[in-house]
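# Structural overview for review
Chain residues, written in single-letter form:
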Amino acid sequence: MEPKLREIMSITLLAGEVLLRNGAETYRVEETMEHVGLACGAQRVEAFVIPTGIIVTISTEHGEATLCTRVKERTINLSRVVKVNELSRRLSDRRLAPEQARHLLERVARGRTEFNLGVLIVASGVVGASYAVSQNATFWEITPAFLAAMFIRYIAHLVSHFRMVRFLFEFLGAASAALIGIAAHQVMPEINRDIVIVAALMPLVPGVAITNSIRDVIAGDLLAGISRALEGILTASAIAMGVGLILTIWRG
Amino acid sequence: MIVKIGAIFFLSLSIGILYRVPKALLFYGAVVGVTGWLTLQAILGLNGSIVIGCFVGSLVVALCSELLARRLRRPATIFLIPGFIPLVPGLEGYLTMLAMVRGNYLEGIEMAMRTVFMGGAIAMGIFVISTIVHTVSVLQTREEKQDAS
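Small disclaimer: the values here were computed from a predicted structure and weren't measured. (Residues numbered from 1 in each chain as written. Chains lettered and ligands numbered in written order. Predicted model: local features only at pLDDT ≥ 70, side-chain atom pairs only at ≥ 80, totals over all residues.)

Time to look at the overall build of chain B. Within chain B, the regular secondary structure consists of six helices and zero strands. Starting at the N terminus and walking to the C terminus, you meet the elements of chain B as α-α-α-α-α-α. A principal-axis box enclosing the C-alpha atoms of chain B has dimensions of 65 × 30 × 30 Å. Buried positions account for 48% of the 149 residues belonging to chain B. (Helix = DSSP H or I, 4+ residues; strand = E, 2+ residues; numbered from the N terminus. Buried ≥ 20, exposed ≤ 12 C-beta atoms within 10 Å, placed from the backbone.)

Below is the structure:
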């Protein structure tokens, strides 16, 4: 591959990969790759993106090349999506040179997020507690909901090394939410078990999968839309199975 | 009511943190969430059905998100996700599962239909607004291209 083409190819693929890994919509990945490639001096960029991989063809005056990348692990980090989006805008407006863009992209891909584990755990707890408040819960129901939701986030941290086991986190999280709810009801019978469990489950709602599947379908990426929808449905099923298992054992 | 509005504000804000929305944009998502939830409550107050409430609430959420996205030049998703989470039928979904576990299949199916319709209404709301925005932006780029050529 000719060096100039190789340069364009690597920047474009890097931008696409960072977006896809961190929970951007598929059509956004395709559009951004096109913008980045053209801004770096390509004549034509064709990107084909599905939630699990990227295929891109770039042509310049010296020739053309096609590369394919698999994306196996995905997390959700919308601040990286925002940063790459901003970067592609600046590239298109010629406010940023391609060499700088590459450097910045690598920094975005490796950069730590602005929220550390402690903040995320507390935020998860606040999700549970505030949902409980909106469902007219008493103080004694809000407290276990807060603790259970915090614990769910901690489980996410523990099982993050086992990413190859899909939906393990949702299943374990839902099961422990059910256990905490039952335990709270046993300790204090006036606590409504169901409110505690539902509130603790709120941080598990697959928000990104739902919105991305709708937006991908509208943008015409039917394949991506269906796979995201399936992801959302399977997540919901994993949650239901986690809670259902514990409640069945308990004869709820 | 004030307490609940505060709770929904912090609910949306924390969902934003969980999805690692940039700090500077967290506040907007939380306001969108409160707006959507208030719309749902207003419809319920007018004796509207909860499904219609979810649909209109989600229309409002999607509209606010798309307007904010245009104004701030950021992806609409970062306002949309914290915005619609307060509308999600979490309790209904749980009650479905509970009825099924207890063997009350009739009640379970009733709850399941309610959950599916509420979820579908939320999805339809986002769908309608996103389609309109998508069409408008396609028409705009077409005009720009014609002007350029």
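That was the structure; now back to the text.
Looking only at helices and strands, chain A features ten helices and three strands. Seen in sequence order, chain A has helices and strands lined up from the N terminus as α-α-β-β-β-α-α-α-α-α-α-α-α. Summarising its shape, the C-alpha atoms of chain A cover approximately 75 × 30 × 30 Å along the three principal directions. Relative to its 252 residues, chain A shows a buried fraction of 52%. Taking the contacts inside chain A whose residues are at least 6 apart along the sequence as the reference set, 64% of them involve residues at least 24 apart. (Contact = placed C-beta atoms within 7 Å.)

Facing the 35 residues of chain B at the interface are 43 residues of chain A. Those elements that place two or more of their residues in the side of chain B that touches chain A are α1 (2-18), α4 (77-84), α5 (90-102) and α6 (105-148) of chain B. If you tally residues by element for the side of chain B that touches chain A, the top one is α1 of chain B, at ten residues. Class assignment of the residues belonging to the side of chain B that touches chain A gives a composition of 25 nonpolar, six polar and four charged. (Nonpolar A, V, L, I, M, F, W, Y, C, P; charged D, E, K, R; others polar.)

The next subject is the sheet that holds strand β2 (residues 53-60) of chain A. All names here are of chain A. Read across the sheet, three strands follow the order β1-β2-β3 without closing on themselves; strand pairing throughout is antiparallel. A single partner strand is all that each edge strand has here, and the edge strands are β1 (44-50) and β3 (63-70). Mean inter-strand twist for the sheet, computed between neighbouring axes without regard to direction, equals 10 degrees. Sheet topology note: the β1/β2 ladder contains seven bridges and is antiparallel. Looking at the pairing, Ala47 lines up with Val56 of β2. Along the sheet, helix α2 (residues 26-39) contacts β1 and β2; its crossing angle with β1, the most-contacted strand, is approximately 160 degrees. (Pairing = 2+ DSSP bridges. Axes fitted to C-alpha atoms, helices over the stretch in contact; angles between N-to-C directions.)

Residues and elements named next belong to chain A. Domain annotation of chain A identifies domain 1 (3-110) and domain 2 (117-250). Placing the centre of domain 1 and that of domain 2 at their C-alpha centroids yields a distance of 33 Å. At the interface, eight residues of domain 1 touch eleven residues of domain 2. Of the residues assigned to the side of domain 1 that touches domain 2, the class counts are four nonpolar, two polar and two charged. (Domains from an automatic or database assignment.)

Before going further, it helps to spend a moment on unusual backbone geometry. Across the chain, the bulk of peptide bonds are trans and the bulk of non-glycine residues have phi less than zero. Residues and elements named next belong to chain B. Of note in the backbone geometry, Arg20 takes a positive phi value of approximately 55 degrees without being a glycine. Structurally, Arg20 is set in the loop between α1 and α2 (23-45). In this structure, Arg73 takes a positive phi of about 55 degrees despite not being glycine. Considering the arrangement of structural elements, one finds Arg73 in the loop between α3 (50-72) and α4. Classification of Arg73 as exposed rests on a count of 10 C-beta atoms within 10 Å.

With that settled, the discussion passes to the packing of helix α1 (residues 3-21) of chain A against α2 of chain A. Residues and elements named next belong to chain A. Across the interface, α1 lies against α2 with an axial gap of 9 Å and an inter-helix angle of 155 degrees. On the basis of the axis angle, α1 is roughly antiparallel to α2. Handedness of the α1/α2 crossing: right-handed. Contacts between α1 and α2 pair Ile8, Ile11, Thr12, Ala15, Gly16, Leu19 and Leu20 from the former with Arg28, Val29, Thr32, Met33, Val36 and Gly37 from the latter. For the contact of α1 with α2, a count of residues per class yields eight nonpolar, four polar and one charged. (Parallel < 35°, antiparallel > 145°, perpendicular 65-115°, else oblique. Left-handed = near helix turned anticlockwise from the far one by under 90°.)

Formed by 126 residues in total, the largest nonpolar core has its most connected members in Ala145 and Ala200 of chain A. Residues contacting Ala200 of chain A, with those up to four places away along its chain left out, are Gly128, Ala145, Ala148, Ala149, Ile152, Ala177, Ile180 and Gly181 of chain A. (Core = buried A, V, L, I, M, F, W, Y, C linked by C-beta atoms within 7 Å.)

The next point concerns α2 of chain A. Residue and element names in this part refer to chain A. Over its 14 residues, α2 extends 20 Å from the first C-alpha to the last, a length consistent with the 20 Å expected when each residue adds 1.5 Å. Among the 14 residues of α2, eleven are classified as buried, and the element is accordingly described as predominantly covered. Along its buried surface, α2 packs onto α1, β1, β2, α3 (78-92), α9 (207-218) and α10 (222-250). Where α2 terminates, the next one or two residues include Gly41, which has phi positive at roughly 110 degrees. (Expected span 1.5 Å × (residues − 1).)

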